[in-house]
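If you want the building blocks of each chain, they are given just below.
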Amino acid sequence: WDRIRSLYVCETDVEAAIFDSAIDAILTLNPSGSIETMNTAASRMFGWSGPELVRRDISVLLDLEGKDGAGRGFLARLGFRDGDIAGGLVRELNARRRDGGLFPVDVALSPMPLPSGVHMVAVVRDISERRRVEEMKQQFVSTVSHELRTPLTSIAGSRSEAHTSELQSRAYLV
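Residues numbered from 1 in each chain as written. Predicted model: local features only at pLDDT ≥ 70, side-chain atom pairs only at ≥ 80, totals over all residues. Heavy atoms only, no water.

Novice: Just checking my understanding: could you explain the sheet that holds strand β3 (residues 62–63) for this structure?
Specialist: Hydrogen bonds along the backbone pair up the strands of a sheet, which may run parallel or antiparallel. As summarised here, the arrangement of the six strands in space is β2-β1-β6-β5-β4-β3, forming an open sheet in which the pairing is antiparallel. Because the sheet does not close on itself, it has two edges, and the strands there are β2 (35–38) and β3. Bridging between strand β1 (residues 25–29) and strand β6 (residues 117–126) involves five bridges; their strand directions are antiparallel. When the sheet's bridge partners are listed, T28 is paired in β6 with V121. (Pairing = 2+ DSSP bridges. Helix = DSSP H or I, 4+ residues; strand = E, 2+ residues; numbered from the N terminus.)

So, in structure tokens, the structure goes:
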């Protein structure tokens, strides 16, 4: 019995270490969308400690689409039914820090069947840097496109003028 108990404790310690060493925020949610647990990365990302958020609704941290139905379950507020998420899903949402600041995140949701119902595991990744890089790329492409179009427009205009002048000259000679 002691050997089985020590193996169980060791396995639990490993699971806790994995949970707390992940670089992404990991939250477990009950079927209504209330936070049950969160890892260290979630505390850093959102600025709240785990005990401060236990039993609080996930909408404290994530701006949910269709959150007007306060009594509806978590998936319903995201526009899904229980069967829709069997294989998990990823959603891009805005998250909220403790100070109220918003930032973009990818949220990967996976079902976690338990005797008390289907709970959810939410893995949240801050994508602020990715968005910043995408915006820089978009600005670069826009600038390059404008810079290339400007000389091409003047070349096309000059060519059109030359062609018009040539046609007028031929018409004059005839």
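Novice: Explain the pairing of β1 to me, please; I cannot follow it from the model alone.
Specialist: Side-chain positions along a regular strand alternate between the two faces of the sheet. In terms of burial, β1 is largely enclosed, as five of its five residues are buried. Burial of the side chains of β1 extends over both faces: A25, L27 and L29 are buried on one face and I26 and T28 on the other. Pairing analysis gives three bridges linking β1 to β2, with the strands arranged antiparallel. Along β2, the bridge assignment pairs T28 with T37. Hairpin connection, β1 to β2: the antiparallel pair is bridged by five residues, and G33 has positive phi, about 95°. (Buried < 20%, exposed > 50% of the residue type's maximum accessible area, 1.4 Å probe, protein only.)

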